[in-house]
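The chain contents come next:
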Amino acid sequence: VQLQASGGGLVQAGGSLRLSCAASGRTFSNYNMGWFRQAPGKEREFVGGISGSGGSTYYTDSVKGRFTISRDNAKNTVWLQMNSLNAEDTAVYYCAAATCWVCRLPGEYNYWGQGTQVTVSS
């Protein structure tokens, strides 16, 4: 599966962004999708995941209630809606595909997008 993330940018604290991840190459619905982020000097961090059907989602505690993951398998796309952004959300955001479920470690994901920069100004 090839993944292409987009939608990053510069936003003020309290604002919103929606990231997109377009997939191609294999049956998209066969994969659970995850979003990760990596800030400068830090390890890649799990943000949230969504099941292949889109019926289940899970998030890391720091984004619960602010971020929402959704997908449209007909469009081979997964989204990360980010609201109430703060400076701690500044990072490069990556989408990834996995066959495992409730996977939070980067090594559990088989395919990765190239990343999109999100910068939140305070």
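One can find the structure itself at the top, above this paragraph.
Residues numbered from 1 in each chain as written. Predicted model: local features only at pLDDT ≥ 70, side-chain atom pairs only at ≥ 80, totals over all residues. Heavy atoms only, no water.

Engineer: Outline the pairing of strand S7 (residues 67-72), supporting the account with residue identities and numerical values.
Structural biologist: Only one face of S7 is buried, namely the one carrying Phe67, Ile69 and Arg71, since none of Thr68, Ser70 and Asp72 on the opposite face is buried. Summarising the sheet, S7 and strand S8 (residues 77-82) pair through 6 bridges and their orientation is antiparallel. Paired with Asp72 across the two strands is Thr77, which belongs to S8. Between S7 and S8, which pair antiparallel one after the other, the connecting turn spans 4 residues, and Asn76 there sits at a positive phi close to 50°. (Buried < 20%, exposed > 50% of the residue type's maximum accessible area, 1.4 Å probe, protein only. Helix = DSSP H or I, 4+ residues; strand = E, 2+ residues; numbered from the N terminus. Pairing = 2+ DSSP bridges.)

Engineer: Tell me what's going on with the environment of Gly52, and back it up with residues and numbers.
Structural biologist: Inspection of the secondary structure puts Gly52 in the loop between strand S5 (45-50) and strand S6 (57-59). Taking the C-alpha atoms as reference points, Gly52 and Trp112, 60 residues apart in sequence, are found 16 Å from one another. If we ignore the near neighbours within four places in the chain, the residues touching Gly52 are Ser29, Tyr31, Asn32, Arg71 and Asn73. (Contact = heavy atoms within 4.5 Å.)

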